[in-house]
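Each chain, written out:
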Amino acid sequence: MSNFLTSFSHDFFMQEALKEAQKSFDAGEIPVGAIVVHNQKIIARAHNMTEKLNDVTAHAELIAITSAANTLNFKYLTGCKLYVTLEPCVMCAGALAWSQISEIYYGANDLQRGFSILTHSNLFPKKIKIENDILAQECEELLKKFFKKLRR
């Protein structure tokens, strides 16, 4: 029963991240969404805003980290979970490591720029839990739809 509840919880929170990714899609941004969860409550929501802000660092993960830290009034995200629709890039992974976030869950793999091109053990402390393929198909479909639309 515990595995079922955990799976349900992961799916629920990734669906919320997908809602953020849809906001990116609708705004003409690469559709990546992120949420931060603390004590089973969403404390931060974000989506890519690199085009809107004309800022290459305005990734969903970085915006979510800042928002969560402001909500908690503390710079470290110990005890928090990040749900993000695409595997974090190296820049975002570094920021996540520095934030001391406890768990990272992502949907689609990013074989070109995702942090897994590095070894996880060198980037993250062993205590950070990392799990992928949470609603991966749904996350990938939104990305494919976006890039197909761009190519028209």
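Everything quoted here is computed from the prediction, not taken from an experiment.

A. Up close: the layout of surface pockets. Put simply, the largest pocket is a space of about 790 Å³. Every residue lining the largest pocket is counted, 25 residues in all, and those nearest its centre are I30, L86, D110, R113 and F147. Top contributing element to the lining of the largest pocket by residue count: helix α6 (residues 136-151), with four residues. Grouping the amino acids of the lining of the largest pocket by side-chain chemistry returns eleven nonpolar, six polar and eight charged.

B. Expanded view of the packing of aromatic side chains. Under the defined criterion, the tally for this structure stands at seven aromatic pairs. On the numbers, 5.8 Å between centres and 75° between planes, the contact of Y106 with F115 is edge-to-face. A relative accessible area of 3% means that Y106 is categorised as buried. Measuring from ring centre to ring centre gives 5.1 Å for F146 and F147, while their planes differ by 80°; the resulting arrangement is edge-to-face. Exposure remark for F146: the relative accessible area of 5% places this residue in the buried category.

C. Just the side chain of S9, in detail. In this structure, S9 sits in helix α1 (residues 2-26). Judged by relative accessible area, which is 12%, S9 ranks as buried. Ignoring any residue separated from it by four or fewer positions in sequence, one finds S9 in contact with Q40 and Y83.

D. How the structure looks around a positive patch on the surface. On the surface, K145, K148, K149 and R152 cluster together into a patch of positive charge. Following the sequence through the fold, K149 ends up in helix α6. The exposure class of K149 is partly exposed, given its relative accessible area of 48%.

E. Broad picture of the environment of I128. Along the chain, the position of I128 falls in the loop between α5 (120-123) and β5 (129-131). Residue I128 is classed as buried on the basis of its relative accessible area of 9%. Separated by 32 residues in the primary sequence, I128 and L96 place their C-alpha atoms 9.7 Å from one another. With near-sequence residues (within four places) excluded, I128 lies in contact with A97, I101, S102 and I104.

F. Spatial organisation of the UniProt feature "binding site: Zn(2+)" (unreviewed entry) in the chain. Residues annotated in UniProt with the feature "binding site: Zn(2+)" (unreviewed entry) correspond here to H59, C89 and C92. A stretch of 34 residues holds the annotated residues, and the largest C-alpha distance among them is 9.3 Å, short enough that they meet in one place. Of the annotated positions named here, the largest pocket is lined by H59, C89 and C92. With respect to the helices and strands, C89 occurs in the loop between β3 (80-86) and α4 (90-99). Not counting residues within four places of it along the chain, the set of residues in contact with C89 comprises H59, E61, R113, G114 and F115. Considering the arrangement of structural elements, one finds C92 in helix α4. The class for C92 is buried, based on a relative accessible area of 0%. With near-sequence residues (within four places) excluded, C92 lies in contact with H59, E61 and L62.

Calculation notes
Residues numbered from 1 in each chain as written. Predicted model: local features only at pLDDT ≥ 70, side-chain atom pairs only at ≥ 80, totals over all residues. Heavy atoms only, no water. 1 Å grid on protein atoms, 1.4 Å probe; cavity = no way out; pocket = protein on both sides within 12 Å on 5 of 7 lines; lining within 4 Å. Points joined across faces, edges and corners; volume = space filled by probe spheres on them. Helix = DSSP H or I, 4+ residues; strand = E, 2+ residues; numbered from the N terminus. Nonpolar A, V, L, I, M, F, W, Y, C, P; charged D, E, K, R; others polar. Phe/Tyr/Trp six-rings, centres within 6.5 Å; stacked < 30°, edge-to-face > 60°. Buried < 20%, exposed > 50% of the residue type's maximum accessible area, 1.4 Å probe, protein only. Contact = heavy atoms within 4.5 Å. Patch = residues over 30% accessible without salt bridge, like charges linked within 9 Å, V, L, I, M, F, W, Y side chains within 5 Å. Areas by Shrake-Rupley, 256 points an atom, 1.4 Å probe, with all protein chains shown as cover. Salt bridge = Lys/Arg side-chain N within 4 Å of Asp/Glu carboxyl O. Lys, Arg positive; Asp, Glu negative; His and termini not counted. Charge placed at Lys NZ, Arg CZ, Asp CG, Glu CD. UniProt positions renumbered as here; feature names shortened; annotations may be inferred.

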